[in-house]
Structure formats: C-alpha cells, structure tokens
Amino acid sequence: MIRASNKLIRYPFSATYVSGLFEHWQKNPQSVPEGWRQYFSEQINGGVGVQGTTSLNPLDHAKQIQLLYRTYYMFRMFFVCGHQLADLDPLNLPHTKEYGRVKGSRPEMTLDSFGFKKEELDIPIYFGNKDQRSFIYPFMEAKEEWTIREIYDRLSQIYTKKYGVEYIHMVSTEQKHWVEQEMDRIAQWKPSKETQTATWQRLARVDLFNEFLKNRFTTSKRFGIEGTDTLIVGLEALVDQCVQNKVEHIIVGMAHRGRLSTLANVFKKPLEIIFAEFQNKYSKEIEESWGNIGDVKYHLGVTRDQQFPDGHHIRMTMLPNPSHLEAVNPVVQGKTRALQDICGNKQNCLGIIIHGDAAMAGQGVVYESLQLENLTGYSNEGVIHVVVNNQIGFTTTPIDSRSGLYCTDVAKAIDVPIIHVNADDPDLVEEIFKIAVRFRQQFKKDIVIDLIGYRRYGHNEQDQPAFTQPQMYEIINKQKPVFQLYDQQLRKNGVIADDFANTEIKKLNNILETAYKNIQKETFDKVHWVPKPWEKIQQVTKWGKVKDTGVALKDLLELNEKVNKLPAELTVHPQVKRIYEQRKQSIEQGKGIDFGTAEALAFGTLLHEGFSIRLSGQDCERGTFSQRHAVINDQKKDVKYYPLRNQIPTGGNNRFEVYNSPLSEYGVLGFEYGYSQSNPNVLTIWEGQFGDFANGAQIMIDNFITSGESKWNVPSGLVMMLPHGLDGQGPEHSSGRMERFLQLMDDDPNIVFQMKEQRIKRQILDSNFQVCVCSNPSNYFHSLRRQLRRDFRKPLILFNSKRLLKFSKATSDISLFLEGTRFHRLIPDTHEEIKPPKEISKVVICYGQVYYDILQKRQDTKRNDVAIIRVEQLAPFPYDHFRVVAQQYENAEFVFCQEEHQNSGAWQYLEPRIQNVLSLLHQQSKIKHQYLTFCGRRPSASTASGSPTVHKQELEKLLSILFQ
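Residues numbered from 1 in each chain as written. Predicted model: local features only at pLDDT ≥ 70, side-chain atom pairs only at ≥ 80, totals over all residues. Heavy atoms only, no water.

- The name given to the chain in an unreviewed UniProt entry is 2-oxoglutarate dehydrogenase, mitochondrial, with Paramecium octaurelia as the source organism.
- UniProt's Function (unreviewed entry) comment on the chain is quoted here verbatim: "The 2-oxoglutarate dehydrogenase complex catalyzes the overall conversion of 2-oxoglutarate to succinyl-CoA and CO(2). It contains multiple copies of three enzymatic components: 2-oxoglutarate dehydrogenase (E1), dihydrolipoamide succinyltransferase (E2) and lipoamide dehydrogenase (E3)." (UniProt positions renumbered as here; feature names shortened; annotations may be inferred.)

What follows is the structure, encoded as structure tokens:
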C-alpha cells in the first residue's frame, strides 16, 4: 500500500522533479523545502511500504513516489482537460477547428499516456481520511484505498459523458468542489420514468409546433430552433427549478433563433397571436395609434404571470430586441437589477441571456455586459447564460469566427463555471439547466451553459446552407431530429406506450389546428396580448400642476440646510468644502445659483417628493469637470458621504444611488436603459464623460432608446447627459453629435400647417424622445424635474455645456425655482436695453453656450436692434411657442446661429421647422421677411479645431458676420 498526500494532489509536479528532491532529502533533509521535508518524513515514518512492510528501500520509495505523482498528474489532466473528452457534438463532425467545438485534436488521456505500467494498475493507494479524500475529488470519499485502475475508470466515466465542464480556472475552492460534486452525481444519475415522460411531452410540443409552422407558413422566416430543440425543454426545467427556489421574476433576453418556440412553449404566448403575426393581422387600435410601426414577429417581447400548482407565482418577461446580436444583454441585466431593487431581494429576480455561438465570441458587448456582473452598482448576483451553439454563424464556421477553444472562452474572465452539453440528450439538458439555477442561487454568480447542437436549415428557412457548408449539411440531412431519437428511445425502453404517445401527438396537433382556425374568424383581435404596463406612475399632481415644476421656498431652504451643511466629523477636501459653502450661500442669498447647485436641488426635491434617483457613468460621482461631488470622500478615513441622502427618511438610502461605471458606453448605457424600463418612479440617468462618448453606444441609441416605444410599445424615461460645446479643446471632446439624435426624431416639420390652435397639446407624448440644451441652471433644474412630474415617460437627451458649469453669467436667481415656474422650451429676449419688437431689424435664433457669446457681442457693438431667441428644447420643436414669439418681430430678418459646423449641430433639423413657421407667418402677413439664413462655421469632417487660437478666430469671425 502507498500513502498519498492530498495536499499536493492539485499541483502537477513531475515524477522526475519529485524523485530528485527525494534523493536530496536522503542525503541532507535540510537541502529541500520544509513542506517537502515534512512530506518525505511522513511517507517514511508513517510506514509506507508494499505488502505491509515498514522498512523501505530508498530506490523502491522513489519509484513509488513517481507512481504517486503520475496518479496526481492524471487527476490534474482530467481536471484541466477532461472536458475535451466529452461527447458533445450530435453530428460527430471532424474534430478540427473548421468543424467542431475545439481547435486541434483531443488530448491523449490513456493509462499508457500517463506512463502507468500494467503491474501498477491494481496497487492500493491510501488517500487519507474522508475530508482529505473529499478534497481530491468527491467520489474519493467512498473508501480509503483506491487503485489507479479504479480512479481512471471513475474519472473516465465522469468526463466522457455528453457534457463537459470547465471550472478549474475558478478561484473559489468551495465552488469548484460543488461543481465536482454535481459532475460526480450526474455520472451516476438516471431520470425517473415520470421525469422522462414529462420531458417527452415538452419535446413533442416543440417538435410539432415547429413542423406546423414549417408546413403552414412555408415562405415565412421563422428562425426555427430545429437542431437545438432541447433549449425549450431546458428552459422549462429551469422554470421548474425557479419555482422550487421561490424566484418571483424571470427576465429573458435572446436573439431571433428559437424565439417563437420559446414564446409558445415556455411563455405560453397564445398560438392564435403567433399565427396572426405570420399573417400580418394587427388590431385596429394598434394600427391607428401613434408610433406603433411594430416589428417583425421574432423581435417581439411579452410578459406573462404564471401560477404553479403549489400556488407560487412567477412573472416572466421576454424582452424585445433588434437584430443587433447580443445588444439586449445589458438591457436584461439593467431591468433585472431594477426589479431586484424594487423587491429588495436579488435572489428573487433572475436574468437569463440566450446567446448565439458566433455572437458570443464576436460581439464586444458580450464582454462589456459580463464585466458588469461583479460590480456593486450593476450586479444581478448571478445571470444564467445559455449559448445556442449551432457550430456555425450564418455561413461562417469556427475557423473564421473565433481564436479560442470554445465560443464561451470570454466567460472565463469573470470566474464562472462553463458547462458544455450535447443538445441531443434531453434528459441531461434538463438536469444541467436545473444545476445552473441551483449554482446561481447558492453562490450568487453567473453560470454559462453551452448547448451544442446544429442548425437544421439555413440562417433562415429560405436560405441554402449547402452553398457554403456542403459536407456539414450532408451530415445534418441524415441526422434524425432529437424528438424522433428520444421518442424511439423511450418506446424501446418501455417508458411510454405507443397508444399514449399517439394520443398525445394527436391532441397536440388538434390544439395547433384549432388555434389556426380561430384566427380566420372576423372577431379575432390580437390587442389583448401586449407587454405589461408599468404598475404605477406616482401621482404627479400631489405636488401641484403637472407642468409646474417649481418648489416652495421653505422646501428649498430646508433642503439647503440638510444637504449643503456638511457634518463636522467629516474631513472634507478644502476645495470640495468651498463648493458646498458656495452652494449654501447662493441659495440663502437667492442669487448666483450655478448648474451644480441646480442639479442638487432637482435631485433633492424629487427625493423629497418620494421619487428615486439613479445616476451612472464614468466618474459621475465627482463629475468629469468636478462640478457635482454627489459623493464626498473623507480625506482621512475610508468613508464615503452622500449629502443628498440626508433628504431621505431613515432606511431609504437606496433611493439615491450614484455609481462610477466601468469604462464602457455600449454595455452601461444598455444597462441603464433596461433599468429605466422597470420603475417609472426612478430618475435613471446615464452621463457620458464627454458627449462624443455616446458614439460607442450608437447601437443602443438607435435600436432601443429612440425607437423602442415605437417598435415595441416599451416606454422609458432614461436621461442621457452629454457634455457638449466647442471650447478649443479638439474634435474628440467637443461635440455630443446632437445632429445624430435629431435625425432620429419623428416629429413632423409640417405640423405647423396643421395647427388649429395656438398650442400643440401633449406634443411630447406624441414624440419618441426629447432633446434639450439648457442655457441656464434654472431651466436645467426644471428639465430634470419635468421628467418625473408627468403621467408618462419619454427619454431625454440633455446636451450640457462644459463652459457654463462655472460661468458667472450663467447663473440663476432662486425666484426661477419657486412655485409656479416651469421649464421653458424657448426663451424670448426680455432685456430692457433692446428696442421694441417692431423696431428690431434682426432676430438671432440660437441655443446653448453660444448665446452668451452673441449677447456679449451685441453689448460690445451696442446693437440694440438685434433680438436673441434661445431654443432650449430642440426636439420636439416648440412650434407653438416660437410662432407666438416670432410674429412680434414683423420687420426683422431671421438668422440662425450655432457654434457648430453647418453639417453638425441642430441646423439641419431646425431649419425646415423654423422655416415652415416663418413661411406660415408670412402667408398670414404677420412678418415681412420669411426666409431663414445661417450663420456659423462652414461644413467640416471634424467637429472642432484642436487649436484654441483657431477656435477663437473662428468664433470671432462668425460673430462679426452675424452683426454686420
């Protein structure tokens, strides 16, 4: 018998190395490290020997140590490379990177490859007490002595099944041991007859549904799940496990592949609705309502409340998504986090993200989203990731789509287990999905399932895959569908009888046929199946009229004392202390209130009214330009202080959250958009470090934020804050690219000709989002409060000037914050020094910080015949207000001025809208000059000059032209 040390089992020391150490130890024990001295002493003094002898020839001992460490090496190889031995591919494609799951060939892991001789295979080895044996591997607990043959057979049994697990990269020993226990259990596990019958019924529903769609809608794209059908039974098993774990919310994000099957079988979306969508049947209410242009059927989302036999309820949500693969991932995480914050229990809300194999490896947003999981401000305490692995991406095989071994390699970056499983083993798939839930619930971490199957048809059903993968599709065409294989298996094994199976199939076909016939009836209307509305928008009239966003003076003064008076025990940086002293003083004196103070007042008053605030972005705790300091860091202790939380009753600190985000735009903005969907009573804000950082999130802006309500009827009140303004600091940090946002607006420039009244009622309600540029702090204050002081929600894009944050002339008096005041979409010229409206010769229309440059130039040139109109809400354009203001200047010329280049900024959006108003007023003989002219920088490929000198020259030139 040989005694083994479990302490060294997980380290791959070579036998040559160990025997060399042993020789040194024999000559001089002090010549080897202490741990090895102790180990060799234990082996000799502990009576290690063969056939009961207590004495040992040193040469024999060296050989036994070599044998022992070959055993250790065998363990280690299975731990690290065992997943490559698994039978994962239903098609058994050639084991190369071109076809198959890995690059190169499987490692050789035979007894010969480990260097074992035949006579060594049955030597008993003692591996210590039960705890020590368990540390090596769970199955070792069964007995004290194991032979090499027994160990190899058991490891082979575990690692050559139809699943493979990558887990050795994980840090936690506890988590790795848990995974090993589950692997060991599955190796011995056999499903019950009842379980297999239920799995058969689930798989039958999937198969018959897919066949029905294929036969009834032969020319339609449906992106079927055939080839990875067991995704559906796996998801249903996952829901079963969630019921046992008392999960209350499940939020799913997935691409188009298999979406219809998931909606029908997991979410139980009525079949009539799905079939109606194939025939383009929509309700009249949807067709006639604003903005509901809809989307293709395999992009739509649903919400369903399901009650289970034990009385437990789960609300299940499938998020809608565009064709941009993986873009929905951070949206799932954001929505899940918002629900977790509402529930107060992260374990009760589970996010599930279903990936494609090529997209998992190729799309950068995958990593951006994964990286959020262990961050305080973004963690869901575990997301379950499922890869629907077709072993192909459209027409691209793994040799061209990834560099790593598996498509899931990116997930190793966040220290989570990855389970690869053969999609043609329904029983195993169900069990793996249940394991995923249990791991997430126990360890509050992500887990990844790589469901390896194939795609029976092309990228869509009209595509011909044999053009590009002829050999692969020759194999696929010969492959029986998984339901046929499973059905034959269960009938052969006597699990289900022929009569039962035939009756069930007939019943399921009748359900499909009945649903199809129902949609032919004239009374059918699909409007009843739409996403769940928000549960409750807080009663906005409690604090005054909806449009009035001003606050009582006593409330502002009380807020000032709570927020701007810092505690004496806090050691505050002198500059930060001065900022808070100045804020307090400006409110007390009622003048000189700057943008940072106005923002704090907006946040504080909303908190006072019962709303919540969530602000996220790069360095947003302090603010890129040191303007915010919403979080104060004690200079001597590791303590963070949140002044605005003093405005919240005890126990409600989570109502004001500020998080510095990772250096990501696409992922973080998507997260905040998802967060904004779940709770309309939270002011959810994403702040770009600079405005042009939104470039990195353009997919999220185009496909979710600006069009989500129009396509999917999903409202959002998300605020995007984008620092913007030309200050001579170069092209990269000057422009927030407002022209791109304005191009996405859906308001009609010809609406002015259809106006029957002076005002457009509920204009913003009928628009897809808002774009504002506030030129003074009070309007900024009202713009933020207006977001929650309505009975609806729309995204708000705020372009904030960097220069005006500390600009002495860009301050507001407290009177502009008080009751009865509101946001001004447009600010007319009210300066007393200018002439009466009829004597004005020129009206300059502008927005943003250039207003102060124009104002200064007017004062310098003493041109009191020039009026300046500021547009604060660029979109939707305030036609009604501008019309009232413009018609006062009956003799004036109208000029539009912006600091941006002519092909940038708001000019191209505003020009047709302003021009239409002027044309209408001219037709009505209310103004003499009807044409609008432009004054600004000439078109440029770059947004701004990198030279402060050139910037000043350009600005002076345009101002000189303006006042000619």
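Notes on the side chain of E373
Next, step 1: For E373, the location among the structural elements is in the loop between helix 14 (364-370) and strand 9 (383-389).
Next, step 2: A distance of 2.9 Å separates a polar side-chain atom of E373 from the backbone nitrogen of G382.
Next, step 3: If sequence neighbours within four positions are ignored, E373 has contacts with Q333, S379, N380, E381, G382, V383 and D446. (Helix = DSSP H or I, 4+ residues; strand = E, 2+ residues; numbered from the N terminus. Polar contact = N/O pair within 3.5 Å; in protein donor to acceptor, adjacent residues only side chain to side chain. Contact = heavy atoms within 4.5 Å.)

Regarding empty space enclosed by the protein
Next, step 1: Applying the stated criterion across every chain, the model contains 10 cavities of 30 Å³ or more.
Next, step 2: In this model, the largest cavity occupies a volume close to 180 Å³.
Next, step 3: Along the walls of the largest cavity sit 17 residues, with Q627, Y780, N800, S801 and L805 positioned nearest its centre.
Next, step 4: For the lining of the largest cavity, the secondary structure elements donating two or more residues are helix 22 (595-608), strand 17 (719-723) and strand 19 (796-800).
Next, step 5: Take the lining of the largest cavity: its biggest share by element is 3 residues, from helix 22. (1 Å grid on protein atoms, 1.4 Å probe; cavity = no way out; pocket = protein on both sides within 12 Å on 5 of 7 lines; lining within 4 Å. Points joined across faces, edges and corners; volume = space filled by probe spheres on them.)

Looking at the pairing of strand 9
Next, step 1: By the criterion of burial, strand 9 is predominantly enclosed, with 7 of the 7 residues buried.
Next, step 2: Along strand 9, one buried face is formed by V383, H385, V387 and N389 and the opposite face, lined by I384, V386 and V388, is buried too.
Next, step 3: Bridge count between strand 8 (residues 349-356) and strand 9: 6 bridges; the pairing is parallel. Counted as the bridge partner of I352 is I384 from strand 9.
Next, step 4: Inspection of the sheet shows strand 9 paired to strand 11 (residues 447-452) by 6 bridges, in the parallel sense. Across the sheet, N389 pairs through a bridge with I452, a residue of strand 11. (Buried < 20%, exposed > 50% of the residue type's maximum accessible area, 1.4 Å probe, protein only. Pairing = 2+ DSSP bridges.)

So, the nonpolar core
Next, step 1: Grouped together as the largest cluster of nonpolar side chains are 88 residues, with contacts concentrated most on Y137 and L231.
Next, step 2: The biggest single contributor to this core is helix 3 (residues 58-81), with 11 residues.
Next, step 3: Discounting chain neighbours no more than four positions away, the residues touching L231 are I225, M254, T262, I354, V386, V388, F433 and L451.
Next, step 4: The next biggest cluster of nonpolar side chains, apart from the first, holds 76 residues, and it includes V383, Y659, V752 and I914. (Core = buried A, V, L, I, M, F, W, Y, C linked by side-chain atoms within 4.5 Å.)

As for the pattern of salt bridges
Next, step 1: Counting across every chain of the model gives 50 salt bridges.
Next, step 2: Measuring nitrogen to oxygen at the nearest pair gives 3.8 Å for the salt bridge that ties E474 to K478. Of this pair, E474 and K478 both sit in helix 17 (residues 470-478), 4 residues apart, which is roughly one turn of that helix.
Next, step 3: Its relative accessible area of 47% is what places E474 among the partly exposed residues.
Next, step 4: Put simply, E657 and R645 hold a salt bridge, and the shortest N to O gap is 3.2 Å. Here E657 is found in strand 15 (residues 656-660), whereas its partner R645 is found in the loop between strand 14 (640-641) and strand 15, with 12 residues between them in sequence. (Salt bridge = Lys/Arg side-chain N within 4 Å of Asp/Glu carboxyl O.)

Brief notes about the packing of aromatic side chains
Next, step 1: A full pass over the atoms with the stated rule returns 38 aromatic pairs.
Next, step 2: Relative to F114, the ring of Y73 lies with its centre 6.0 Å away and its plane at 80°, an arrangement referred to as edge-to-face. Of the two residues, Y73 is situated in helix 3 and F114 in the loop between helix 3 and strand 2 (125-126); the sequence distance between them amounts to 41 residues.
Next, step 3: For Y73, a relative accessible area of 34% corresponds to the partly exposed category.
Next, step 4: F114 sits in the buried class, given a relative accessible area of 5%.
Next, step 5: A centroid spacing of 5.0 Å and a plane angle of 45° characterise the contact between F439 and F443, whose relative ring orientation is tilted. (Phe/Tyr/Trp six-rings, centres within 6.5 Å; stacked < 30°, edge-to-face > 60°.)

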